[in-house]
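What follows is each chain in one-letter form.
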Amino acid sequence: MPSHNYFVYITTNAARQVIYVGMTNDLNIRLIQHYQNRGNQRSFPGKHHCYYLIYWERYQYILDAIDREKEIKKWRREKKITLIENLNPQWIFLNDEI
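Residues numbered from 1 in each chain as written. Predicted model: local features only at pLDDT ≥ 70, side-chain atom pairs only at ≥ 80, totals over all residues. Heavy atoms only, no water.

Caption draft 1: Spotlight on the nonpolar core. Ranked by internal contacts, the top residues of the largest apolar core, which has 14 residues, are V8, I10, I19, V21, I72, L83 and I84. At the level of secondary structure, the elements contributing two or more residues to this core comprise β1 (6-12), β2 (19-24), β3 (52-59), α3 (62-74) and α4 (77-87). Look past the residues within four positions of I10 in its chain and what remains in contact with it is I19, Y20, V21, Y52, L53, I54, Y55, I72, L83 and I84. Counting residues in each nonpolar core, the second largest holds nine residues, with V18, L31, L53 and L94 among its members. (Core = buried A, V, L, I, M, F, W, Y, C linked by side-chain atoms within 4.5 Å. Buried < 20%, exposed > 50% of the residue type's maximum accessible area, 1.4 Å probe, protein only. Helix = DSSP H or I, 4+ residues; strand = E, 2+ residues; numbered from the N terminus. Contact = heavy atoms within 4.5 Å.)

Written out as structure tokens, the structure reads:
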């Protein structure tokens, strides 16, 4: 059975002021798309320049990833920050590690 990769991820802007939660099957390409889309007022990550990866989780099944993305998106900002800081306390940009 082939292995599938789906990712729930969190990005921020350079000042680490904004949090964006997303889901993708190709994290590298998605981060490039966020970067290329910077400044686009029609999308939240583009408008807020959210292309710095600070957190991610991998899932084998797409429905699990979708459910997790929806769960995290419903959380208050404080709970999202706790999730991030449990893995990445200094909010180090992880883009080069992907």
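Caption draft 2: Spatial organisation of the packing of aromatic side chains. Applying the stated criterion to the full structure yields six aromatic pairs. Judged by centre distance (5.9 Å) and plane angle (65°), the ring pair of F7 and W56 falls under edge-to-face. Residue F7 is found in strand β1, and its partner W56 is found in strand β3; the two are separated by 49 residues along the sequence. With relative accessibility at 12%, the residue F7 sits in the buried group. Under the relative-accessibility criterion, W56 is labelled partly exposed at 34%. (Phe/Tyr/Trp six-rings, centres within 6.5 Å; stacked < 30°, edge-to-face > 60°.)

Caption draft 3: Structural view of the pairing of β2. Among the six residues that make up β2, five are buried, leaving the element largely enclosed by the rest of the structure. Examined bridge by bridge, β1 and β2 share six bridges and lie antiparallel to one another. Looking across to β2, one finds that V8 is bridged to M23. Connecting the antiparallel pair β1 and β2 is a turn made up of six residues, with R16 showing a positive phi of about 60°. (Pairing = 2+ DSSP bridges.)

Caption draft 4: Highlighting the sheet that holds β1. Reading across the sheet, the three strands line up as β2-β1-β3 and stay open at both edges, with antiparallel pairing between neighbours. Because the sheet does not close on itself, it has two edges, and the strands there are β2 and β3. Averaged over all adjacent pairs, the angle separating strand axes in this sheet is 20°, with direction ignored. Relative to β2, α3 is tilted by about 170°, and along the sheet it contacts β1, β2 and β3. (Axes fitted to C-alpha atoms, helices over the stretch in contact; angles between N-to-C directions.)

Caption draft 5: Region of the structure containing the pairing of β1. Within β1, seven of the seven residues are buried, which leaves the element mostly enclosed by the surrounding structure. Burial of the side chains of β1 extends over both faces: Y6, V8, I10 and T12 are buried on one face and F7, Y9 and T11 on the other. Here β1 runs beside β3; their pairing, made up of seven bridges, is antiparallel. Paired with Y9 across the two strands is W56, which belongs to β3.

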